[in-house]
Amino acid sequence: MNFESEFQLGQRGGNKGLPMGDGLEKLSKALNGVQKGRIYTIASPPKVGKSTFVNCAFLLAPYEYARTNHLNIRFVYFSYEIDVVSMQFDLAVHYLYKRYHRRTYTLEDGKTVNGQTIIPLTSDLLRGYITDDNGDIVTLKPALTDALFEIMDKDVYPLLGKYDENGIQDPSVKCCTNFISNKQNPTGMYKYLCSLALSRGTAIADPTNPNPAFPKWLSYKPNDENEHVIVITDHCRLLMGEDNLTLKGLVDRWSQYCTTLRNVCNYTFVNIIHTNRALASIERQKYAKDLLYPGPEDIKESGNLSEDSNYVMTMFAPTDDRYNLNEFFGLTIRTSAGSPINDNLRSIHLVESRHCKYPQHFLFEMDGALKTFENARWIESNGKRIVKQVE
């Protein structure tokens, strides 16, 4: 790739970003979609929804766009928090909603869960974890079972792959994701990606490289110049150790490898990491007031990850009791009694960018079970904006 070929590729639409999906249109427009040759860092406190956001914006939406537009796409998912079967169940819930608009499940006559005859559709329900008020497992009706296996064959297996009872992937079912849940160190991950790249293109080696066993390339040409390769790491604090490096050293080394492969192979990297606890400090809350949100300085373990990234986004749950917020960016988020109006409220903050203005702030309602986002909604009352309740 040189200047002329890159220009011509862009003019043919080969550098158009992939959309980030329903409900995330404003964010996608601000970033020009999911681009090749970019590093995205996603940071937040634990249990806010980082993985849900990444799965929506960088996995599901690009996958669906690529299917519709007949683009080659390959995901490498280093998943160090969740195994492939759990991920399949999570995505099954998403597709049952997407294909059949199923949000809830109506129990058989006479059955209740916590006194209710209608319960949320969740992966725990599909896995048989839910018991009714008599202590019996809630099983699925035949119609929902048929729908479940239909979307597995049409949607989930082509994305994540199909596995037998021994965890061996079925090679007869083509999929577009290399899902890796056994922890690796940064150098092992780098070599894995180099091997993948060589299976999908041609590299010109650096003749000055003193160690041929450790790949270093001058340039790389993919077999399909329109193919997108998206590498997701969830999350960076769970990298396996090497060379007696501290956790900071491991994250910095991985960031260095991401930068190398971004620059040479035009790969897209999405790195998930936790923020530190400074956000919950009383002093920080008093200073920020209703404009409290995580910044790049809150990212744990590594400044390099932020510095090397093209985009740094932080995610926040403003109704979390730790932050004692009644208002958020001028929006009332608690009742007069102090209860959260909408627990699904999430904010995403573009806090660093090499390619567009920042900071930019986006407010959403997130359904973690269904893997969906939509713009936050509010009403005007007595000159105030009040967030709407979940319907």
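Residue indices begin from 1 for each chain and proceed along its sequence in written order. Side-chain atom pairs in this predicted model are given and counted only at pLDDT of 80 or more, local residue features only at pLDDT of at least 70, and totals for whole chains, interfaces and linings cover all residues. With hydrogens and water excluded, all non-hydrogen atoms of the structure serve as input to the side-chain values.

What about the pairing of strand β10 (residues 311-316)?
For each residue, the accessible area found with a 1.4 Å probe, counting protein chains only, is set against the maximum for its type, and the residue is called buried under 20%, exposed over 50%, and partly exposed in between. Where helices and strands are cited, they refer to DSSP runs of H or I of at least four residues and of E of at least two residues respectively, numbered from the N terminus. Burial runs high along β10: 6 of the 6 residues are buried. Along β10, one buried face is formed by Tyr-311, Met-313 and Met-315 and the opposite face, lined by Val-312, Thr-314 and Phe-316, is buried too. One bridge is not enough; two strands pair if DSSP finds at least two bridges between them. Strand direction decides the pairing type here: β10 and strand β13 (residues 345-353), joined by 6 bridges, are antiparallel. Bridge pairing links Val-312 to Glu-352 in β13.

Here's the deal with the sheet that holds strand β8 (residues 228-234)
If you walk across this open sheet you meet the 9 strands as β5-β2-β8-β9-β1-β10-β13-β14-β15, and the pairing is mixed. Looking at which strands have only one partner, the edges of the open sheet turn out to be β5 (177-180) and β15 (372-375). The sheet shows a mean angle of 20 degrees between the axes of neighbouring strands, taken without regard to direction. With 7 bridges connecting them, strand β2 (residues 73-79) and β8 associate as parallel partners. Pairing of Ser-79 across the sheet is with Asp-234, part of β8. Packing against the sheet, helix α7 (residues 186-199) makes contact with β2, β5, β8 and β9 (268-274), and its axis sits at approximately 165 degrees to β2. Axis lines are fitted through C-alpha atoms, for helices just across the contact stretch, and the angle between N-to-C directions can take any value from 0 to 180 degrees. Here, two residues are considered to be in contact whenever any of their heavy atoms come within 4.5 Å of each other.

A few points about the sheet that holds strand β17 (residues 384-387)
Within the open sheet, the 4 strands sit side by side as β11-β12-β17-β16. Their pairing is mixed. The sheet is open, and its two borders are formed by β11 (327-328) and β16 (378-381), each paired with just one other strand. As paired elements, strand β12 (residues 331-332) and β17 share 2 bridges and run parallel to each other. Residue Leu-331 lies in a different strand from β17, and its bridge partner there is Arg-385.

Points about the pattern of salt bridges
Salt bridge, as used here: a side-chain nitrogen of Lys or Arg that lies within 4 Å of a carboxyl oxygen of Asp or Glu. Enumeration according to the criterion identifies 18 salt bridges in this entry. Notably, a salt bridge pairs Glu-64 with Arg-67, separated by 2.9 Å at the nearest N-O pair. Of this pair, Glu-64 and Arg-67 are both found in helix α3 (residues 50-69), 3 residues apart, which corresponds to roughly one turn of the helix. The exposure class assigned to Arg-67 is partly exposed, which follows from its relative accessible area of 31%. Via salt bridges that share partners, Glu-64, Arg-67, Arg-99 and Asp-155 belong to a single interconnected network.

None of the figures reported here should be taken as evidence of function without further support.
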